[in-house]
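Summary of the model geometry
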Amino acid sequence: MRLGCHLSIAKGLPKSLEMAREVKASTFQFFTRNPRGGSARNITTREIEKWKELRRNEDLYPVVGHLPYTLNLAASREETYSFAKRVLLEDLNRMEEIGAEYLVLHPGSHVNQGREKGLVKIIKALEESLLKFKGNSMLLLETMAGQGTEIGTLLDIKEIMDSLGNPDSMGVCLDTCHLFAAGYDFQKRQEVQRLIDDLETLVGLDKAKIFHLSDSKYPLGSKKDRHQFMGKGYIQKEGFLNVLKDPVFKDITFILELPVKDYLEYKGEIKLIREWLKTE
Ligand SMILES: [Zn+2]
Ligand SMILES: [Zn+2]
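Reference entry: report on the structure contained in this document. Computed from a predicted structure; not experimentally measured. (Residues numbered from 1 in each chain as written. Chains lettered and ligands numbered in written order. Predicted model: local features only at pLDDT ≥ 70, side-chain atom pairs only at ≥ 80, totals over all residues. Heavy atoms only, no water.)

It is worth spelling out the overall build of the protein at this point. When helices and strands are counted, the protein shows nine helices and 12 strands. Taking 19 Å as the expected radius of gyration for a compact globule of 280 residues, we find that the protein reaches 18 Å, a close match to that expectation. Principal-axis analysis of the C-alpha atoms places the extent of the protein at approximately 50 × 45 × 30 Å. Looking at the protein as a whole, 53% of its 280 residues qualify as buried. Contacts in the protein between residues at least 24 apart in sequence constitute 77% of all its contacts with a sequence separation of at least 6. Just so you have it, the protein exposes about 12700 Å², and 49% of that area is on carbon and sulfur atoms. (Helix = DSSP H or I, 4+ residues; strand = E, 2+ residues; numbered from the N terminus. Rg over C-alpha atoms; globule rule 2.2 N^0.38 Å. Buried < 20%, exposed > 50% of the residue type's maximum accessible area, 1.4 Å probe, protein only. Contact = heavy atoms within 4.5 Å. Areas by Shrake-Rupley, 256 points an atom, 1.4 Å probe, with all protein chains shown as cover.)

As structure tokens, then:
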């Protein structure tokens with residue numbers, strides 16, 4: 001099983017590789033730029049060369065970038081909208097340069113324009129950026145909790161992908177906390193099956209590449225996106241085991257996204273999951 005966590009690349013990509021090794025992660029995700037702002041750290045050619053050389057000797061796959069939360073491809077303000085389009089294309093190119101396999105995006109929030117208008121904006125933005133991008137990195141749209149005016153149900157994602165002609169450069173990123181908050185009760189096996197059925201009928205199972213793992217601070221269907229440590233929220237061990245042990249997800253990559261203060265806390269969480277899987 002590919003299992004890893006979210007790490008910082010602030011100290012350089014070679015350093016994050018060391019960090020991944022320390023916590024026994026076989027994959028990792030990082031923010032492509034300041035998650036709440038939008039400024040990007042300059043990654044030099046030398047850093048990229050060193051990183052690529054080091055990665056060759058490491059069992060580290062896939063490497064996943066995550067765009068800032070503040071990016072809104074459904075924004076009504078022209079300035080916010082064009083900024084989002086520019087950053088998306090820039091970061092797709094950055095991922096290509098460093099050889100990151102995936103780039104995760106929160107589809108956007110329609111604010112007060114309504115879902116339809118929001119979807120049209122997102123589709124237009126992706127036409128102007130993703131469809132122009134000629135690299136190998138794949139853009140993954142993340143399933144959201146439905147907080148506020150968030151777009152990001154599997155149906156929303158299906159509509160976006162269909163409108164773009166289902167390009168190979170596009171896939172889906174699942175998130176246990178978001179999906180639970182949106183109403184999938186992982187504590188019940190049949191609810192995991194409902195997710196699988198929805199995936200299959202709406203986007204295709206093969207489109208799901210990454211599964212973010214985190215417990216939920218709020219109950220089922222709360223529509224609140226608040227991550228919690230594994231087993232310490234409402235999904236609990238049983239809920240996670242229903243997901244982790246389902247043969248449909250045996251080839252998906254699991255990435256922990258927890259409210260850690262120090263990345264070393266991920267070591268215990270990765271160990272915990274491995275133990276859960278052994279005892280069952
Ligand atoms: Zn996310
Ligand atoms: Zn997530």
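So that's the structure; there's more coming.
If you walk through the whole model with that rule in mind, you get six aromatic pairs. Both rings, one in Phe 28 and one in Phe 30, keep their centres 6.0 Å apart while their planes meet at 45 degrees; by these two values the pair is tilted. The two residues Phe 28 and Phe 30 agree in class, both being buried. Geometrically, the ring pair formed by Phe 28 and Trp 51 is edge-to-face, given 6.2 Å between the ring centres and 85 degrees between the ring planes. With Phe 28 in strand β2 (residues 28-31) and Trp 51 in helix α2 (residues 45-56), the pair connects residues that are 23 residues apart, well separated along the chain. Comparing Phe 28 with Trp 51 shows no difference in burial state: the two are buried. Here a set of aromatic residues connected by ring pairs shows up, and it is made of Phe 28, Phe 30 and Trp 51. The aromatic ring of Tyr 81 is capped on one face by Lys 121, whose charged end is 4.7 Å from the ring centroid. (Phe/Tyr/Trp six-rings, centres within 6.5 Å; stacked < 30°, edge-to-face > 60°. Lys NZ or Arg CZ within 6 Å of the ring centre and 35° of its normal.)

Next up on the list: the layout of surface pockets. By volume, the largest pocket amounts to about 1000 Å³. In this structure, the largest pocket is lined by 44 residues; those nearest its centre are His 6, Phe 31, Pro 35, Arg 36 and Tyr 69. Take the lining of the largest pocket: its biggest share by element is three residues, from β2. Looking at side-chain class alone, the lining of the largest pocket contains 16 nonpolar, 16 polar and 12 charged residues. (1 Å grid on protein atoms, 1.4 Å probe; cavity = no way out; pocket = protein on both sides within 12 Å on 5 of 7 lines; lining within 4 Å. Points joined across faces, edges and corners; volume = space filled by probe spheres on them. Nonpolar A, V, L, I, M, F, W, Y, C, P; charged D, E, K, R; others polar.)

With that out of the way, let us pick up the coordination of the zinc ion (ligand 1). Within the protein, the zinc ion (ligand 1) binds to His 66 (NE2), His 106 (NE2) and Glu 142 (OE); these donor distances fall in the range 2.1 to 2.2 Å. Between the two metals, the zinc ion (ligand 1) and the zinc ion (ligand 2), the spacing is 3.3 Å, and Glu 142 donates to both. Of this pair, His 66 sits in strand β3 (residues 63-66) while Glu 142 is found in strand β6 (residues 138-142), placing the two residues 76 residues apart along the sequence. As far as burial versus exposure is concerned, His 66 and Glu 142 are alike and both buried. (Donors = N, O, S within 2.8 Å, 3.2 Å for Na, K, Ca; no water.)

This paragraph deals with the side chain of Asn 72. Mapped onto the elements of the fold, Asn 72 is located in the loop between β3 and α3 (78-98). When its relative accessible area of 11% is taken as the criterion, Asn 72 is described as buried. With residues near it in sequence (within four places) discarded, Asn 72 still touches Thr 80, Tyr 81, Ala 84, Gly 108, Ser 109 and Val 111.

Turning next to a positive patch on the surface. A contiguous patch of positive charge on the surface is contributed by Lys 24, Lys 267, Lys 271, Arg 274 and Lys 278. Residue Lys 24 is classed as exposed on the basis of its relative accessible area, which comes to 58%. (Patch = residues over 30% accessible without salt bridge, like charges linked within 9 Å, V, L, I, M, F, W, Y side chains within 5 Å. Salt bridge = Lys/Arg side-chain N within 4 Å of Asp/Glu carboxyl O. Lys, Arg positive; Asp, Glu negative; His and termini not counted. Charge placed at Lys NZ, Arg CZ, Asp CG, Glu CD.)

For a regular strand, side chains alternate in direction, first toward one face of the sheet and then toward the other. Most of strand β1 (residues 2-6) is tucked away: four of the five residues are buried. Here β1 pairs with strand β12 (residues 253-256) via four bridges, running parallel. The residue of β12 that forms the bridge with Gly 4 is Ile 255. Across two bridges, β1 lies against β2 in parallel orientation. Counted as the bridge partner of Cys 5 is Phe 28 from β2. In the classification by handedness, the crossover that spans β1, the intervening helix α1 (residues 13-22) and the parallel β2 is right-handed. (Pairing = 2+ DSSP bridges. Right-handed = clockwise from strand over helix to strand, strands pointing away.)

Glancing now at the nonpolar core. Leu 126, Leu 139 and Phe 249 are the most contacted members of the largest nonpolar core, which has 78 residues in total. When residues of this core are assigned to their parent elements, the largest contribution, seven residues, is made by α3. With residues up to four places along the chain from it excluded, the contact list for Leu 126 reads Leu 73, Leu 88, Leu 131, Leu 139, Ile 160, Leu 164 and Met 170. In terms of nonpolar packing, the next biggest core, distinct from the first, is built from eight residues, Val 64, Tyr 102, Leu 140 and Ile 210 among them. (Core = buried A, V, L, I, M, F, W, Y, C linked by side-chain atoms within 4.5 Å.)

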